[in-house]
Amino acid sequence: MDIVTGPDGVARCAWAGDDPEYQRYHDQEWGVPLHGDRALFEKLSLEGFQAGLSWITILRKRPRFREVFAGFEPEQVAAFDSGDVERLMTDAGIIRNRAKIEATISNARLALDLAEGELDALMWSFAPAVHERPSSFAEVPAVTSESTAMSRELRRRGFRFVGPTTMYALMQSAGMVDDHVEGCWRR
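Rules used throughout
- Along every chain, residues carry numbers that run from 1 in the direction the sequence is written.
- In keeping with the model being predicted, local features are shown solely for residues with a pLDDT of at least 70 and side-chain atom pairs are shown and tallied solely at 80 or more, while totals for entire chains, interfaces and linings include all residues.
- Side-chain descriptors were evaluated using all non-hydrogen atoms of the structure, hydrogens and water having been removed beforehand.
- Put simply, a disulfide is two cysteine sulfurs that come within 2.5 Å.
- Each residue gets one of three labels from its accessible area relative to the maximum for its type: buried under 20%, exposed over 50%, partly exposed in between, using a 1.4 Å probe on protein chains only.
- Salt bridge, as used here, is a side-chain nitrogen of Lys or Arg placed within 4 Å of a carboxyl oxygen of Asp or Glu.
- Only DSSP runs of H or I covering at least 4 residues are called helices, and only runs of E covering at least 2 are called strands; the numbering of each starts at the N terminus.
- Axis definition: a line fitted to C-alpha atoms, limited for helices to the stretch in contact. Angles are taken between N-to-C directions and run from 0 to 180 degrees.
- For classification, angles of less than 35 degrees are called roughly parallel, those exceeding 145 degrees roughly antiparallel, those between 65 and 115 degrees roughly perpendicular, and all remaining angles oblique.
- What makes two residues a contact is simply this: any of their non-hydrogen atoms within 4.5 Å.
- Only Asp, Glu, Lys and Arg are considered charged in this grouping, and only Ala, Val, Leu, Ile, Met, Phe, Trp, Tyr, Cys and Pro are considered nonpolar; every other residue, Gly among them, is considered polar.
- Only Phe, Tyr and Trp rings take part, Trp by its six-membered ring, and two of them pair if their centres are within 6.5 Å. Stacked means planes under 30 degrees apart, edge-to-face means over 60, and tilted covers everything else.
- Charge over a ring is defined by NZ of Lys or CZ of Arg lying within 6 Å of the ring centre and within 35 degrees of the ring normal.
- Only protein atoms enter the 1 Å grid used here, on which a cavity is any set of points holding a 1.4 Å probe that cannot leave and a pocket is any open set flanked by protein within 12 Å on both sides along at least five of seven lines; residues with an atom within 4 Å of a point are listed as lining.
- Grid points are joined across faces, edges and corners, and a volume is the space filled by probe spheres set on the points.

An unreviewed UniProt entry annotates the chain as DNA-3-methyladenine glycosylase I originating from Microbacterium fluvii.

K.L.:
Requested: an account of the state of the cysteines, with residues and values cited.
P.N.:
Scanning the entire structure with this criterion turns up zero disulfides. The cysteine Cys 13 is free of any disulfide, with Cys 184 supplying the nearest cysteine sulfur at 3.7 Å. A relative accessible area of 0% means that Cys 13 is categorised as buried. Among the residues examined, Cys 184 registers a relative accessible area of 6% and is labelled buried.

K.L.:
Lay out the pattern of salt bridges in plain terms, naming residues and giving numbers.
P.N.:
A complete count under the given rule lists 16 salt bridges for this structure. Note that Asp 27 and Arg 12 form a salt bridge whose closest N and O atoms lie 2.8 Å from each other. Residue Asp 27 is located in helix α1 (residues 20–28), and its partner Arg 12 is located in strand β2 (residues 11–13); the two are separated by 15 residues in the primary sequence. The buried category is assigned to Asp 27, whose relative accessible area is 17%. In this structure Arg 12 comes out as buried when scored by relative accessible area, which is 3%. The partner of Glu 21 in a salt bridge is Arg 24, and the shortest N-O contact between them spans 3.0 Å. Residue Glu 21 and its partner Arg 24 are both found in helix α1; the two are separated by three residues, about one turn of the helix.

K.L.:
Summarise the packing of α1 against helix α3 (residues 55–68); cite the residues concerned and give the values.
P.N.:
In contact at an axis separation of 10 Å, α1 and α3 are set at 95° when each is read in the N-to-C sense. For the element pair α1 / α3, the angle class is roughly perpendicular. Note on element contacts: α3 touches α1 through Trp 55, Ile 56, Leu 59 and Arg 62, opposite Glu 21, Tyr 22, Arg 24 and Tyr 25. Each residue belonging to the contact of α1 with α3 can be placed in one class, and the counts come to five nonpolar, no polar and three charged.

K.L.:
Please provide a residue-by-residue account of the packing of aromatic side chains, values included.
P.N.:
Under the counting rule described, the total for this entry stands at ten aromatic pairs. Considering the side-chain rings of Phe 69 and Phe 72, the 5.5 Å spacing of their centres and the 10° angle between planes classify their relative orientation as stacked. Owing to a relative accessible area of 0%, Phe 72 belongs among the buried residues under this scheme. Through pairs of rings, three or more aromatic residues link up here, namely Phe 41, Phe 49, Phe 65, Phe 69, Phe 72 and Phe 80. The ring centre of Phe 80 lies 5.5 Å from the NZ or CZ of Arg 87, which sits over that ring.

K.L.:
Can you break down empty space enclosed by the protein residue by residue, with the values?
P.N.:
Counted according to the given criterion, the structure contains one cavity of 30 Å³ or more. In this structure, the largest cavity occupies an estimated 60 Å³ of space. Lining of the largest cavity is provided by Leu 44, Ser 45, Gly 48, Phe 49, Lys 100, Ala 103, Thr 104, Asn 107, Arg 160 and Phe 161. Residue assignment for the lining of the largest cavity shows that the elements contributing at least two residues are α2 (37–50) and α6 (98–112). Class assignment of the residues belonging to the lining of the largest cavity gives a composition of four nonpolar, four polar and two charged.

K.L.:
Run through unusual backbone geometry, naming residues and quoting values.
P.N.:
A negative phi angle is the norm for most residues apart from glycine, just as the trans form is the norm for most peptide bonds. In this structure, Ala 70 takes a positive phi of about 50° despite not being glycine. One can find Ala 70 in the loop between α3 and α4 (74–78). Even without glycine at this site, Phe 161 takes up a positive phi of about 60°. Mapped onto the fold, Phe 161 is located in the loop between α8 (145–156) and α9 (164–173).

Listed below in structure tokens is the structure:
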């Protein structure tokens, strides 16, 4: 099943299910072009935390993530120290994974090394010029040559938790590709 029609009569990609928060995310965010260094740093960070977990877990914890990571302002996150890491490791409102927390701080420092607008330009440079919208979820890839290239470039620059699958998920969520399937109202 690729499409589900909610009680509101709206046909959505089946992954949105019947959870109101997931439906809101599907309807208002997923696949909508997202720009800005801070916004894309947040997306990069949250996608990194999602690795190995379900997105709904991250989505439900996103308000707390935003709170404890200073709104994902790279300048503030880059200033976090070992005390902040320990504080975050005790916060049940987020994913308490030391490697992911430390990667977020390190990635903020790397983002600051870029000129204003450069993170946005860098990430969007990997958006495919042509993207065939999938008819069904069976046609949605987990990895593409573009997400692999983005991952490779970010890793070369020192970023962590930016594997090709994670970067394709970012490309979907940030609207670099549109993977709403046939029959979805957003397609």
